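# Per-entry structural report
The primary structure of each chain is shown beneath.
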Amino acid sequence: MLRDASHNFPGAMGLLNSGYRDTAVRDRMLSDTYSQDDIRNGFRAEIRPPRTALGERVKMALATLFAIALPLAFVTLIGLSSLVWFQFTRDLLQNGFFNRPGWGLVVVLGDLFLAGFLAAMVRRLVLIRRHAREYLAVSPQSQPELHAFVNHVALLLRVPFPRAIKLDAEVGLILRPGSFKDILLGHGPEILIGVPLLYGLSARQLAGVIAHAYAGYTSEARRYGYPLICAIDRWLFAQSGLARSATSIKEEFRSLDEGRSRQRLAALLRPFDFLVQSTFYLLYRIISAATFVVSRRIDMVGDQFSSRIAGSSEFRSTQFRLRSLHYGQQHANRELLKSWRNSRLSSNFPCLVVDHADTLQLSLRPRLIQEMEELVTPLTRSRIVDLGRIVNVEHYPDEGACFLLGPAISLLRGADGIARTVSIGHYHALGIREPELMDTQRLPVPVPGERDKANRTDVFAGLERTGRVVRIDDFDIHVARPVDERCGELEDLIDKIHHDAAVIHHLADTYRNFEYRKNLLHTRKVIEETLGTGETRVRDIEVQWLGLIKEQSEIKAELVQYESLVARRIGIVLSLTVERPEIREQLALASDELRSHVLRVTDALTFLGRAHESLQRLRAYTLILGQLMVHATSEDAEDIGPRQDELAERYQKYVLLELGSVLRQIDNVPHPMMVYALNAVEAANPAAASLQCHSIGQAIQLEVRDLDSASSCPEACHRVATSVIHYIESLNEQLQERLSLLVTRTETLFGLDSVRNARAAYSR
């Protein structure tokens, strides 16, 4: 769905993790599998696929003939050229080789070139065949829901059911015929589904991807040979060394196991191998250009299929998600070498891909938009769904036939075991013969749904929208004061905060906007330094960046007074909370336990506030490092600047410094929510009862299992830093929610909520 339709495949951490993952990632750890009834009732009754016009069918037939004729002509040309040249060599030897030394040198060089070229071609064909990917075939008996799901999509599209469903650890979905006979007889194709798609997409999005792939396998497309175009293009693309896995990663792993003789042979044939790959790539580009009109028409039919199955509103988000998964796999593959050396290969590589995609999502968005806006022509053909096709789909709204909104992994039984199997197959395909796996399975934690944000906004007056940490006044200093005096001051504070609510919201949104723009300019400045575009441009961006820092500091100075009001309000309320038996009964805590819990919550916020500046810098440096990694894996050589490696190494050091600073400040801080989290985990997994974790630092080490691998490579550094940032943001959200609960219940007990509501109604 990301690559052109001539391929029909996309080119394209859990304890205490509540609140920091996106919905799809959180749900995938908790969801049960779908039932057959769920699938039958999760689709609308019928859709009508569009019919191809006669002229389009004739073009398809001609394109198929050309796609077959060009490789045959190439093979014939290579064979005849070799025969003629070797015949010429034999004649020269018979007529006296040493009598014509000039011709003799030319002939020898030609023989060496042809021999090297043919040897490299045979070697490449043999290696591609020998190192074919391992697929896990799943039967309808072992995976009935997955088969029913795919069959239901095929039934709606009136296309043949798949002959087999196979899984692997690559990001992609391919339909391929089992044989030429299957194409002629109309038998269903094999469907190859990458498990990262199941982990990373919703069931509705996956239905759209399957529907898009089936656009090249309708009855008309089969009748006029379009699957042959797909097969030929896919084969040529694989021979060119640019297929689904990173070839450089494969060769790097295999070179570690090859003997010296094989390494010498590979080094000798490397120039010829480059020529062979370039030749196959040239053939691929020629066929792609010649079949551009036909393939783009099939692409647009696939867009309509996807829209009618998954809905037009899902199309754009699916393309962004698929492309981020594609980049996530590239970074996961690049991290494998050092993970293999440290015996830390993940037992769930598909989840690792999704983790990388999640951490790169924000860094990727500008690049993905740029990719989708690039011009698509026959000679500069994009493998990305361009913006024009997206707009075309969204121009005709369709609610879609699929209403299964849960994660696609719910279609799979025993997902962890299957992910382990396909991970081992992926490591084998990369050349790791005996992978030592590290168990990366997360503990299943019940994740609450949407927070009660209205209460939180009422308590924090919208200051939580800045992303800053609001410190709380020490409530012990208010305990000795009379209750009436505290309640009177509390009413004045509530009145003051509500009177300036609009101002607070405006300042909070402005501060957040400045933070976003500041990080964006910082990232742009680094990218321009990478590309070496000139000091003037970098200096202009730096001036804008410094100006935003100054303006944000002015907004922060205005916010400080309101943060002090909120901190004093919550401190006074907490002093009342610890004295009320009703609160203790509602939380099932004794008096000392409630006081200890409130102390831990306020202490945690205090230490998070101290680490906030370091956390902001860590967030900015991580974003820049992610953008540098995106450019490092760019398919366009112009995007890779001369200072790419130098700046990536520099910002990796910056990230490690700020990460160490943040962890040192919160390492030994008692975790205020741990007792609740452990109780929840123990209810779901009795083995978790043995966990001993009392500080925030211990919780982070438990959550981010590979925390010590951050210095190994930029990919691991970026992923670990992002996981730590998300965990701290999640912890801040949990603390805000806990404080909101305590504050609202205490104010209700003292009747302060009715006073606040009455004043709010009067002000309106």
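Up top you'll find the structure we're talking about.
Calculation criteria
- Residues numbered from 1 in each chain as written.
- Predicted model: local features only at pLDDT ≥ 70, side-chain atom pairs only at ≥ 80, totals over all residues.
- Heavy atoms only, no water.
- Buried < 20%, exposed > 50% of the residue type's maximum accessible area, 1.4 Å probe, protein only.
- Helix = DSSP H or I, 4+ residues; strand = E, 2+ residues; numbered from the N terminus.
- Axes fitted to C-alpha atoms, helices over the stretch in contact; angles between N-to-C directions.
- Parallel < 35°, antiparallel > 145°, perpendicular 65-115°, else oblique.
- Left-handed = near helix turned anticlockwise from the far one by under 90°.
- Contact = heavy atoms within 4.5 Å.
- Pairing = 2+ DSSP bridges.
- Patch = residues over 30% accessible without salt bridge, like charges linked within 9 Å, V, L, I, M, F, W, Y side chains within 5 Å.
- Areas by Shrake-Rupley, 256 points an atom, 1.4 Å probe, with all protein chains shown as cover.
- Salt bridge = Lys/Arg side-chain N within 4 Å of Asp/Glu carboxyl O.
- Disulfide = S-S within 2.5 Å.

Turning to unusual backbone geometry, a few remarks are in order. Of note, the phi angle at Arg158 is positive, near 60 degrees, even though the residue is not glycine. You can call Arg158 partly exposed: its relative accessible area is 49%.

As a further point, take the environment of Arg569. The topology assignment puts Arg569 in helix α22 (residues 535-577). In this structure, the C-alpha to C-alpha distance between Arg569 and Asp473, residues 96 residues apart in sequence, is 8.4 Å.

It is the contact of α22 with helix α29 (residues 714-749), at a shortest axis distance of 9 Å, that shows an interaxial angle of 70 degrees. The pairing of α22 with α29 is recorded here as roughly perpendicular in orientation. The two elements α22 and α29 meet at a crossing, and its hand is left-handed. Seen from α22, the contacting residues are Arg569, Ile570, Val573, Leu574, Leu576 and Thr577; seen from α29, they are Leu739, Leu742, Val743, Thr746 and Glu747.

Turning our eyes to something else, we now look at the pairing of strand β4 (residues 190-194). Buried residues dominate β4, accounting for five of its five residues. Every second residue of β4 is oriented toward a common face, with Glu190, Leu192 and Gly194 on one face and Ile191 and Ile193 on the other, all of them buried. Across five bridges, strand β2 (residues 164-168) lies against β4 in parallel orientation. Residue Lys166 lies in a different strand from β4, and its bridge partner there is Leu192. Summarising the sheet, strand β3 (residues 173-176) and β4 pair through four bridges and their orientation is antiparallel. Within the sheet, the bridge partner assigned to Leu175 lies in β4 and is Ile191.

Below, the discussion takes up a nonpolar patch on the surface. Where nonpolar side chains cluster on the molecular surface, the patch consists of Leu54, Val58, Leu62 and Leu65 and spans about 410 Å² of accessible area. Note that Leu62 resides in helix α3 (residues 54-95). Residue classification places Leu62 among the exposed positions, given a relative accessible area of 55%.

Moving on, we come to the environment of Thr279. Structurally, Thr279 is set in helix α12 (residues 260-290). C-alpha of Thr279 to C-alpha of Ser240: the two residues are 39 residues apart in sequence and 7.7 Å apart in space. Excluding residues within four positions of it along the chain, Thr279 makes contact with Phe74 and Phe117.

Looking now at the pattern of salt bridges. Under the defined criterion, the tally for this structure stands at 24 salt bridges. Across the salt bridge formed by Lys518 and Glu515, the nearest N and O atoms sit 3.2 Å from each other. Linking Lys518 with Glu515, this pair stays in helix α21 (residues 501-531), spanning three residues, or about one helical turn. Given the relative accessible area of 13%, Lys518 is considered buried. By relative accessible area, Glu515 is classed as buried at 10%. Between Glu554 and Lys550 there is a salt bridge, with the nearest N and O atoms lying 2.9 Å from each other.

A few words on the sheet that holds β2. Pairing in this open sheet of four strands is mixed, and the strands run β1-β2-β4-β3 from one edge to the other. Strands with a single pairing partner mark the edges of an open sheet, and in this sheet they are β1 (136-138) and β3. Shown here is a sheet whose adjacent strand axes are inclined to one another by a mean of 25 degrees, direction ignored. In the packing of helix α8 (residues 203-213) onto the sheet, the strands contacted are β3 and β4, and the crossing angle to β3 comes to about 35 degrees.

Of all five residues making up β2, five are buried, and the element is well covered by its neighbours. A two-sided burial pattern is seen for β2, the buried positions comprising Ala164, Lys166 and Asp168 on one face and Ile165 and Leu167 on the other. Where β1 meets β2, three bridges bridge the pair, whose relative direction is antiparallel. Within the sheet, the bridge partner assigned to Val138 lies in β2 and is Ile165.

Once that is clear, we can look at the side chain of Glu489. If you trace the backbone, Glu489 turns up in helix α20 (residues 483-499). If we skip the residues at most four places from it in the chain, Glu489 touches Arg481, Arg568 and Ile572.

Quick look at the state of the cysteines now. Disulfides are covalent bonds that connect the sulfur atoms of two cysteines. Taken as a whole and judged by the stated rule, the model has zero disulfides. Note on Cys717: no disulfide assigned, nearest cysteine sulfur contributed by Cys713 at a separation of 8.5 Å. Residue Cys717 is classed as buried on the basis of its relative accessible area, which comes to 0%.

Remember, this is a structural readout, not a statement about activity or role.
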